Amino acid sequence: MTSFDEYLNEQLKDPEFKKEWDALEPEFTIVQAILDARHKSGLTQKELSEKTGITQADISRLEKGNANPSLRTLRRLAAGMGMNLEIKFVPQKA
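Here we summarise the structure given alongside this text. (Residues numbered from 1 in each chain as written. Predicted model: local features only at pLDDT ≥ 70, side-chain atom pairs only at ≥ 80, totals over all residues. Heavy atoms only, no water.)

## Quick notes on the layout of surface pockets
In this model, the largest pocket occupies a volume close to 1,200 Å³. Residue assignment for the lining of the largest pocket shows that the elements contributing at least two residues are α2 (15-23), α3 (25-41), α5 (56-64) and α6 (71-80). Looking at which element gives the most residues to the lining of the largest pocket, the answer is α3, with 10 residues. When its residues are assigned to classes, the lining of the largest pocket shows 22 nonpolar, five polar and nine charged. (1 Å grid on protein atoms, 1.4 Å probe; cavity = no way out; pocket = protein on both sides within 12 Å on 5 of 7 lines; lining within 4 Å. Points joined across faces, edges and corners; volume = space filled by probe spheres on them. Helix = DSSP H or I, 4+ residues; strand = E, 2+ residues; numbered from the N terminus. Nonpolar A, V, L, I, M, F, W, Y, C, P; charged D, E, K, R; others polar.)

## Topic: the packing of α2 against α3
To describe two helices that pack against each other, one gives the angle between their axes and the distance between the axes. At a minimum axis separation of 5 Å, α2 and α3 run at an interaxial angle of 45 degrees. Taken together, α2 and α3 sit at an angle that is classed as oblique. Of the residues in α3, those in contact with W21, D22 and A23 of α2 are E25, P26, E27 and F28. In terms of residue class, the contact of α2 with α3 is made up of four nonpolar, no polar and three charged. (Axes fitted to C-alpha atoms, helices over the stretch in contact; angles between N-to-C directions. Parallel < 35°, antiparallel > 145°, perpendicular 65-115°, else oblique. Contact = heavy atoms within 4.5 Å.)

## Remarks on the environment of I54
Residue position: I54 is located in the loop between α4 (45-52) and α5. Placed 32 residues apart in sequence, I54 and E86 show a C-alpha to C-alpha distance of 20 Å. The contacts of I54, once residues within four sequence positions are left out, are S49, I59, T73, R76 and L77.

## Section: α5
For α5, the set of buried residues is I59, S60, L62 and E63. For α5, the arc enclosing every buried residue in end-on projection is 160 degrees, short of the 170-degree limit, so these residues lie on one face. Those residues of α5 that are buried lie in contact with α3, α4 and α6. Two residues or fewer after α5 comes G65, characterised by a positive phi angle close to 80 degrees. (Buried < 20%, exposed > 50% of the residue type's maximum accessible area, 1.4 Å probe, protein only. Arc of directions from axis to C-beta.)

## What about a nonpolar patch on the surface?
A surface patch of nonpolar side chains, amounting to about 260 Å² of accessible area, comprises L71, L85 and I87. Here L71 lies in helix α6. We classify L71 as partly exposed; its relative accessible area is 40%. (Patch = residues over 30% accessible without salt bridge, like charges linked within 9 Å, V, L, I, M, F, W, Y side chains within 5 Å. Areas by Shrake-Rupley, 256 points an atom, 1.4 Å probe, with all protein chains shown as cover. Salt bridge = Lys/Arg side-chain N within 4 Å of Asp/Glu carboxyl O.)

Function cannot be read off these values alone, since they describe shape.
Structure below.
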């Protein structure tokens, strides 16, 4: 386990921290989905930029979690990777 993982696990014991961390889960999920899809498609950020017209800097910001993509941007990214975008609503965890 890395020192960050150990630190995070320790912080997650604090209920207030865990609540805030859990509130960010949808953003983390989107970032990870973008990264996974780009890697699966075998594209670099530059190549994806060329296919979508989205700047490489903007793709980098999205992948770092420093930007909130619009639905239109997510569709453009998916199309550039030869994928379809699927968004689901799922029951809340108890």
